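# Breakdown of the fold
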Amino acid sequence: MALSNGIENVWQEGKAREADPAPFTEKDLRATISSRVRKEFKTVSQFVWAAIVYQIILYSFLTRTFIRHWGDMQIMLLCLAGGACYIPLTVALLRRVKTLYLRPSEAPGSPVPDVFRKVEGEYARLADFFQFKRRMDWIGVPISCAIIVLVTFTLFVEGGVERNPLAGLAFFALWLGMSLIAIHSENRKRFISPLRNLEQVLDDLKNS
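The sections below set out a description of the structure shown in this document. Here the structure is a predicted model, which means the values were calculated and not measured.

About the criteria used
Here the residue numbering is sequential within each chain, running from 1 through the sequence in written order. The predicted origin of the model limits local features to residues at a pLDDT of at least 70 and limits the giving and counting of side-chain atom pairs to 80 or more, whereas totals for whole chains, interfaces and linings rest on all residues. Note that the side-chain values use all heavy atoms of the structure and ignore hydrogens as well as water. Starting at the N terminus, helices and strands are each numbered in turn, a helix being any DSSP run of H or I of at least four residues and a strand any DSSP run of E of at least two. Burial classes: relative accessible area under 20% of the type maximum marks a residue as buried, over 50% as exposed, and values in between as partly exposed (1.4 Å probe, protein chains only). In what follows, residue pairs with any heavy atoms lying within 4.5 Å of each other are defined as contacts. Computed with a 1.4 Å probe, the accessible areas rest on the Shrake-Rupley method; for each residue, only the protein chains presented here act as cover. Using a 1 Å grid laid over the protein atoms alone, points where a 1.4 Å probe fits but cannot get out form a cavity; open sets with protein on both sides within 12 Å along at least 5 of 7 lines form a pocket; any residue with an atom within 4 Å of a point counts as lining. Grid points are joined across faces, edges and corners, and a volume is the space filled by probe spheres set on the points. Put simply, Ala, Val, Leu, Ile, Met, Phe, Trp, Tyr, Cys and Pro go in the nonpolar bin, Asp, Glu, Lys and Arg in the charged bin, and everything else, Gly too, in the polar bin.

## Considering the overall build of the chain
What the chain contains, in helices and strands, is six helices and zero strands. When the helices and strands of the chain are listed from N to C terminus, the series reads α-α-α-α-α-α. Sorting the 208 residues of the chain into buried and exposed places 31% on the buried side. When contacts within the chain are restricted to residue pairs at least 6 apart in sequence, long-range pairs at least 24 apart make up 82% of them. Only carbon and sulfur atoms are counted for the fraction: they give 64% of the accessible area of the chain, which is about 13700 Å².

Now the structure itself:
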């Protein structure tokens, strides 16, 4: 009888331990916050890769046109000018991307306030990159649209932009408008939403 009671007591104690969740440790907090931050930066990474692919396509288009029309000085100069205008933007983008993903080292066993400062740093870095991206859009998008319009009209429209200024302007405005609409949607999804989510993480840390 005593043996039966002992087994029952052990079983009840084990059941109670299973029902009682383990305490949320500092390590768990770090893992949870890091997971949320990585999720937001993964969203931003989709823009980064898309921007790099777009620029590769643009340079490939200019290079192919330059080689295909070798000897046509007007087209060759147009391709060289387009590439020369866009190269500084590409260099600036790559430098900013490197800064965006340059994570500060975190010492093991750091106190919880360091987690807050780390998230603050991630938020500031992402916000700074977003500001750079918006400035780059105002410069790079009109340039890329102008390159596409000039090369397209020179190759496929008789007389080029010089003889068809209104059509060229209309095509440029249409292309630019479509690009701005796409960029607005991209900014909301790839930057504004992640920034708001990181703000929520910071608020959660402040209130914890």
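## What to know about empty space enclosed by the protein
A complete count under the given rule lists one cavity of 30 Å³ or more for this structure. Volume-wise, the largest cavity comes out at about 30 Å³. Every residue lining the largest cavity is listed: R96, T99, L100, R125, D128 and F129. Classifying every residue of the lining of the largest cavity gives two nonpolar, one polar and three charged.

## A word on the layout of surface pockets
In this structure, the largest pocket occupies an estimated 450 Å³ of space. As for the largest pocket, its lining consists of 18 residues, and the residues nearest its centre are Y54, D137, V141, I183 and E186. Only α2 (26-68), α4 (112-156) and α6 (165-207) provide two or more residues apiece to the lining of the largest pocket. The element contributing the most residues to the lining of the largest pocket is α4, with seven residues. Its residues assigned to classes, the lining of the largest pocket shows 11 nonpolar, four polar and three charged. Estimated volume of the second largest pocket: approximately 190 Å³.

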